[in-house]
Amino acid sequence: MNAISVLAIILFFLLILIAGRQGLKSFIGLVLNFLVIFLLIILINWQFNPYLVTAILAVVILAIAIYLSSDRITVMNISFKTSLMVVACLMMLAIVVQHFGQLQGFAVENSDELEGLSLNVGIAFGHLAMIVMVISVLGAVAEAAMAITADLFEVIERSPQITVQGLQAQAHTIGQQILGTAINTLFFGMLGANLPLLIWFLRLRYSPALLVNAKLLLMEIMTMLLGMLGILLSIWLASWLVVHTFKNKGRSLIDETDL
Amino acid sequence: MKKISKWLILGLLLILTWVLVEHDSFLYQQPVGLVTATKTLSSSDVTDEHGNVDDVHIQQVQIKFLNRSGQIKLENQYTDSQSLSEHYQVGNQVLLTKRSGSWQVVSLKRDSLLAVLLVLLIYLLVVYLRPARASWLLLSMLVNIIIFITALYLDVHIKNINVVALFTITAALLAGISLLMVLGKNRQALITWLATILSTSLALGIMMLVLNLTHHEGVHFETMSYVTQVPAAVFYAQAVIGVLGAVMDESSDIVAGLFGLRRESDQHRFHDYWQGGLSVGREILGTLINVLFMIFIAETIPMVILMLRNNNNWSYILDQIMNLGILQSVVSAIGIVLAVPITSLITAQLLTRGQKYERH
């Protein structure tokens, strides 16, 4: 039997066993997001406007990642709002980065894989580079927004006497912790994803000049830096939104959270 | 006023960085040039065997050397898709080399963009975290990068080194150092580290077991890009490092939550901690799985589209291009799920150890 299917079945049962209904929702979310990425690839292949397709499907992916991960509607609404704004900023930044960096397409390092393939395919690979940068950071942005918002709601629930200033101070303390661990997650994830490329660069003794200019490596570093910026902005904005909502609505904010 | 000046400083800093690094060609040993003029010599439509239409252009590029005197002209062929070729424009800076008598562009010069983005990130980190804490975070990342590069060096320079063992030890070390620097030298860091290592090992153990039992069916290590050594070993190493970050994130959240619970009251029983840990874990597990999934899948998009355009069918593409990305996502997800009970169990056990004797 196919090893990946076996592992996917194991994942499914572990999710149900450990997280119950929540786990089932997470599994469905993962499958749905996989399908959305398929849709994205198909639409780009059919040469729909890449900016429009990316913007719309990024919203869909964020919605799936956030609304299928928790039960608390206000927490999810604030996280979703935050993620949308942050991803909009990052998408613009990705377009600028691609414009100045020209990070598109393949390089001589890919020769083996490209053997026998036609490269004159009439799709602008510059757009694809932008898409890769935007899609890569979606998960990290949503995760950071959910983590800080959920934690702050926890604080409001647990401390009936908390003032706006108190909440603000808590937001900063918790935000700093979340930032540290979330940046590490992204950092290790990117290292793990790019191990073969890094070994390649070392083994073939690339000069320091190439290490800070070569297309393939810079594409990965840029994606990682955009992701880290995304995490930071996400925590910043979500804290501000929670504190701001608390200032306007007071404790009524948490009444409807547990559906 | 203070806020405005903060952003003004950032703007100036970014411009200054850009200008400075654009003028750093004297640091380069190899020739660096500036594109001063381009001229399109010819353009033509090409249709490949799959019916894709692309435009091929030949441009003449005039380049002025920046770190030595003189200028050259060279011809460059590019397609509109720019899949493997590049379209040079006036103002681009390029690294050059001379091969068998004629000049060639090695790479576009992108270091100023890298510097600007780094400065932007570091500045915002300093503003949000305050200088002391930001430098601590940056220092821990720097230490991690140095350890990682050392591991890569060992891998490249020692023959027959056990790659899986090397990167497992590296991963354990990286996790230890990150936790020490974020949490300090205390019991909380130790428990988080233990839980991280255990969950990661268990997830990888399950992966290896399944791979052995199914005889690697449907897994194509040979499709890995940039292969310079045995791909299966490199994949295990990749999986260890990728899983570790997410598991560490989750474990530290659970452990921090349970230590908070103990601060409220030290009367809690094993059961309270166990349930508390599970509920914190369930909340964050879904979004964490998505983080790694997005990273692993997004990377494959350009190649998938190239394959589609070359009339390959989806099942072949899933098998050849997305295969390892999907495997890595699933294994990471298993690690993330397993971390919830493992971390809750270890923390609950250690926090309630000795309690029994006090009660009776």
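Residues numbered from 1 in each chain as written. Chains lettered and ligands numbered in written order. Predicted model: local features only at pLDDT ≥ 70, side-chain atom pairs only at ≥ 80, totals over all residues.

A look at the environment of Ile346 of chain B
All names here are of chain B.
Phase 1 of the analysis: For Ile346, the position within the fold is in helix 9 (residues 323–352).
Phase 2 of the analysis: Remark: the alpha-carbon pair of Ile346 and Trp274, spanning 72 residues in sequence, is separated by 9.1 Å.
Phase 3 of the analysis: For Ile346, the residues in contact, after removing those within four places along its chain, are Ile191, Leu194 and Ala195. (Helix = DSSP H or I, 4+ residues; strand = E, 2+ residues; numbered from the N terminus. Contact = placed C-beta atoms within 7 Å.)

A look at the interface of chain A and chain B
Phase 1 of the analysis: Each partner contributes residues to the interface: chain A has 95 residues there, and chain B has 104 residues.
Phase 2 of the analysis: Breaking the side of chain A that touches chain B down by element, the ones donating at least two residues are helix 1 (3–45), helix 3 (73–101), helix 5 (125–158), helix 6 (164–203), helix 7 (208–211) and helix 8 (215–249) of chain A.
Phase 3 of the analysis: Grouping the amino acids of the side of chain A that touches chain B by side-chain chemistry returns 62 nonpolar, 27 polar and six charged. (Nonpolar A, V, L, I, M, F, W, Y, C, P; charged D, E, K, R; others polar.)

Section: the sheet that holds strand 3 (residues 71–79) of chain B
Residue and element names in this part refer to chain B.
Phase 1 of the analysis: Pairing is antiparallel in the open sheet, where five strands are placed in the order 3-2-1-4-5. The sheet terminates laterally at strand 3 and strand 5 (102–108), the two strands that pair on one side only. Looking at each pair of strands side by side, their axes are set apart by 40 degrees on average, direction ignored. (Pairing = 2+ DSSP bridges. Axes fitted to C-alpha atoms, helices over the stretch in contact; angles between N-to-C directions.)

A short note on the UniProt feature "transmembrane region" (unreviewed entry) in chain B
Residue and element names in this part refer to chain B.
Phase 1 of the analysis: UniProt records the feature "transmembrane region" (unreviewed entry) for residues 112–129, 136–154, 160–183, 190–213, 233–261, 284–306 and 326–351 in the present numbering.
Phase 2 of the analysis: Secondary structure content for residues 112–129 is 100% helix and 0% strand, and the end C-alpha separation is 25 Å.
Phase 3 of the analysis: Between the C-alpha atoms that bound residues 284–306 the distance is 35 Å, and the span itself is 91% helix and 0% strand. (UniProt positions renumbered as here; feature names shortened; annotations may be inferred.)

Brief notes about the domain arrangement of chain A
All names here are of chain A.
Phase 1 of the analysis: Domain assignment breaks chain A into domain 1 (1–46) and domain 2 (62–114 + 121–254).
Phase 2 of the analysis: One C-alpha centre belongs to domain 1, the other to domain 2; they are set 21 Å apart.
Phase 3 of the analysis: Domain 1 puts eight residues into the contact, and the matching count from domain 2 is five residues.
Phase 4 of the analysis: Grouping the constituent residues of the side of domain 1 that touches domain 2 by class yields four nonpolar, three polar and one charged. (Domains from an automatic or database assignment.)

Examining the domain arrangement of chain B
Phase 1 of the analysis: Its domain assignment divides chain B into domain 1 (31–109) and domain 2 (162–355).
Phase 2 of the analysis: Distance from the C-alpha centre of domain 1 of chain B to the C-alpha centre of domain 2 of chain B: 43 Å.

A look at helix 5 of chain A
All names here are of chain A.
Phase 1 of the analysis: The terminal C-alpha atoms of helix 5 lie 51 Å apart, and with 34 residues this matches the ideal 50 Å at 1.5 Å per residue to within 8%.
Phase 2 of the analysis: Along its length, helix 5 reaches its greatest deviation from straightness, about 30 degrees, at Leu138.
Phase 3 of the analysis: Along helix 5, 27 of the 34 residues are buried, which leaves the element largely enclosed by surrounding structure. (Expected span 1.5 Å × (residues − 1). Bend = angle between axes of the 7 residues up to and from the residue. Buried ≥ 20, exposed ≤ 12 C-beta atoms within 10 Å, placed from the backbone.)

Here's the deal with the UniProt feature "transmembrane region" (unreviewed entry) in chain A
Phase 1 of the analysis: Taken from the UniProt record, the annotation "transmembrane region" (unreviewed entry) applies to residues 6–21, 28–46, 52–70, 82–101, 121–142, 178–201 and 221–243 of chain A.
Phase 2 of the analysis: Annotated as residues 6–21 of chain A, this span is 100% helix and 0% strand, and its ends, taken at the C-alpha atoms, are 21 Å apart.

Some points on helix 3 (residues 163–183) of chain B
Given 3.6 residues per turn, any residue in an α-helix points the same way as the ones three and four places further on.
Phase 1 of the analysis: The end-to-end C-alpha distance of helix 3 of chain B is 30 Å, a good match for the 30 Å that 21 residues give at a rise of 1.5 Å each.
Phase 2 of the analysis: Every buried residue of helix 3 of chain B is accounted for by Val163, Phe167, Thr168, Thr170, Ala171, Leu174, Ala175, Ser178, Leu179 and Leu183 of chain B. Angularly, the buried residues of helix 3 of chain B cover 165 degrees about the axis, an arc narrow enough to put them on a single face.
Phase 3 of the analysis: For helix 3 of chain B, the elements touching its buried residues are helix 6 of chain A together with helix 2 (111–157), helix 4 (187–213) and helix 5 (231–264) of chain B.
Phase 4 of the analysis: Count one or two residues on from helix 3 of chain B and you reach Gly184 of chain B, which has phi positive near 90 degrees. (Arc of directions from axis to C-beta.)

Observations concerning the pairing of strand 4 (residues 93–99) of chain B
Residues and elements named next belong to chain B.
Phase 1 of the analysis: Where strand 1 (residues 32–47) lies against strand 4, three bridges are found, and the strand directions are antiparallel. Pairing of Val32 across the sheet is with Leu95, part of strand 4.
Phase 2 of the analysis: One ladder, built from six bridges, connects strand 4 with strand 5; its direction is antiparallel. Counted as the bridge partner of Arg99 is Ser102 from strand 5.
Phase 3 of the analysis: Between strand 4 and strand 5, which pair antiparallel in sequence order, lie two residues; one of them, Ser100, sits at a positive phi of approximately 40 degrees.

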